[in-house]
Amino acid sequence: MHNPEITEVLAPIQADMQLMDAVLKRAMNSVVPLVGEINHYIVGSGGKRLRPAVLLFSARACGYTGDQHLRLAAAVEAVHTATLLHDDVVDSSGLRRGRATANQVWGNEASVLVGDFMYSRATQMIVECGRLDIVEILATAANDIAEGEVAQLANRHNPELTEQQYFDVIRNKTARLFEASAQVGAMISGASKSRERALARYGIHLGNAFQLIDDALDFTGSVDVIGKNLGDDLADGKATLPLIHAIRHSPTEAADCIREAIRKGSLEQLPAILRAIESTAAIDYTARLAAHESEQAIDALSELDPTPYRESLSALARFAVQRDC
């Protein structure tokens, strides 16, 4: 199966991405040197820029020819980056994208406050578009993301989390910003409501697919591939889908071992847990659900006219599930 590199997938909007990056970097400037220092470190640390890419692709797929999409895409990336800064503090993370996290370098206080700065600057950028309907979509998405993060925190160390509860969390925590990005791309283009709804569906399913594969990679990836340490989610006491599936299908002793590890947030029994995950085909199960989400994302694009940008959105959905896991 062809596994497209992300640079290949994003090639049709390379010029837009470069312009968006420049807008983002200008927007993150501050008279406070520490804000600029941390922003430069975070914004310059790479990342795939997938959420703004979805907005840019959606706008182009709907025939947009203006430049408002650049500022809105930059605002979306600022919202996402703010959530990462806050997440790393909540999770006491030391590594992201293969580098030390901002909280590891500058401390928790600075990371939280600069995350707040990014949120507020993103809000300014969104308001400047002058579209109350777009402000409402992105503000609601930001609120849902926060609720998803709180729900995840409330369920930390809970080995009884159900599959439905897990999907409720990832829908808010991850998929909502993909959904809003795709929908806003249609909105600024003046696309029909049916196309707007179709792109929103695309974004939800794409976001679900990405999170499912991320959760699988937590047990199969490496620092070089995923930019964080193996088992980080388990160490945080998070009951992700591979663990939920393994608990449900393991013998009592193995299931209890996984439950105890989630309660403690411990990697002491990681080898035994990895064996349980393998014996129950939990990674294959997670990958199958991710593939189904990817297929649903691609199906939603049938509402759009055939263009290279629509094909790129399809390629992005395929890329989501073809990462090594």
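Refer to the preceding data block for the structure.
Read on for an overview of the structure.

1. Examining the packing of helix α9 (residues 163-188) against helix α10 (residues 193-220)
Axes are the key here: two packed helices are described by the angle between their axes and the distance separating the axes.
Okay, so step 1: Where α9 meets α10, the closest approach of the two axes is 7 Å, and the angle between their N-to-C directions is 140°. Taken together, the axis directions place α9 and α10 in an arrangement best described as oblique. For the pair α9 and α10, the sense of crossing is right-handed.
Okay, so step 2: Class assignment for the residues of the contact of α9 with α10 results in 15 nonpolar, 6 polar and 6 charged.

2. Focus: the packing of aromatic side chains
Okay, so step 1: As enumerated under the stated definition, the model contains 4 aromatic pairs in all.
Okay, so step 2: With a centroid separation of 5.1 Å and 80° between ring planes, the pair formed by Y41 and W106 is classed as edge-to-face. With a gap of 65 residues between them, Y41 in helix α3 (residues 33-43) and W106 in helix α6 (residues 102-106) connect regions that are remote in the sequence.
Okay, so step 3: W106 sits in the partly exposed class, given a relative accessible area of 24%.
Okay, so step 4: A centroid spacing of 5.7 Å and a plane angle of 5° characterise the contact between F178 and F210, whose relative ring orientation is stacked. With a gap of 32 residues between them, F178 in helix α9 and F210 in helix α10 connect regions that are remote in the sequence. Residues F178 and F210 agree in their burial class; the two are buried.

3. Points about the state of the cysteines
Okay, so step 1: Applying the stated criterion across every chain, the model contains 0 disulfides.
Okay, so step 2: Distance from the sulfur of C62, which forms no disulfide, to the nearest cysteine sulfur (C129) is 16 Å.
Okay, so step 3: Given the relative accessible area of 16%, C62 is considered buried.
Okay, so step 4: On the basis of relative accessibility, which here comes to 11%, the residue C129 falls in the buried class.

4. Thoughts on the pattern of salt bridges
Okay, so step 1: Per the stated rule, a full pass over the model turns up 17 salt bridges.
Okay, so step 2: A salt bridge links K193 to E196; its shortest N-O distance comes to 3.5 Å. Placement of both K193 and E196 in helix α10 is noted, with a separation of 3 residues, approximately one turn of the helix.
Okay, so step 3: The exposed category is assigned to K193, whose relative accessible area is 54%.
Okay, so step 4: K238 is the salt-bridge partner of D233, the closest N and O atoms lying 4.0 Å from each other. For the pair formed by D233 and K238, the shared burial category is buried.

5. Some thoughts on the side chain of Q152
Okay, so step 1: Examined against the element boundaries, Q152 turns out to sit in helix α8 (residues 132-154).
Okay, so step 2: Not counting residues up to four positions away in its chain, the partners in contact with Q152 are V169, K173 and K238.

So, how was this worked out
Residues numbered from 1 in each chain as written. Predicted model: local features only at pLDDT ≥ 70, side-chain atom pairs only at ≥ 80, totals over all residues. Heavy atoms only, no water. Axes fitted to C-alpha atoms, helices over the stretch in contact; angles between N-to-C directions. Helix = DSSP H or I, 4+ residues; strand = E, 2+ residues; numbered from the N terminus. Parallel < 35°, antiparallel > 145°, perpendicular 65-115°, else oblique. Left-handed = near helix turned anticlockwise from the far one by under 90°. Nonpolar A, V, L, I, M, F, W, Y, C, P; charged D, E, K, R; others polar. Phe/Tyr/Trp six-rings, centres within 6.5 Å; stacked < 30°, edge-to-face > 60°. Buried < 20%, exposed > 50% of the residue type's maximum accessible area, 1.4 Å probe, protein only. Disulfide = S-S within 2.5 Å. Salt bridge = Lys/Arg side-chain N within 4 Å of Asp/Glu carboxyl O. Contact = heavy atoms within 4.5 Å.

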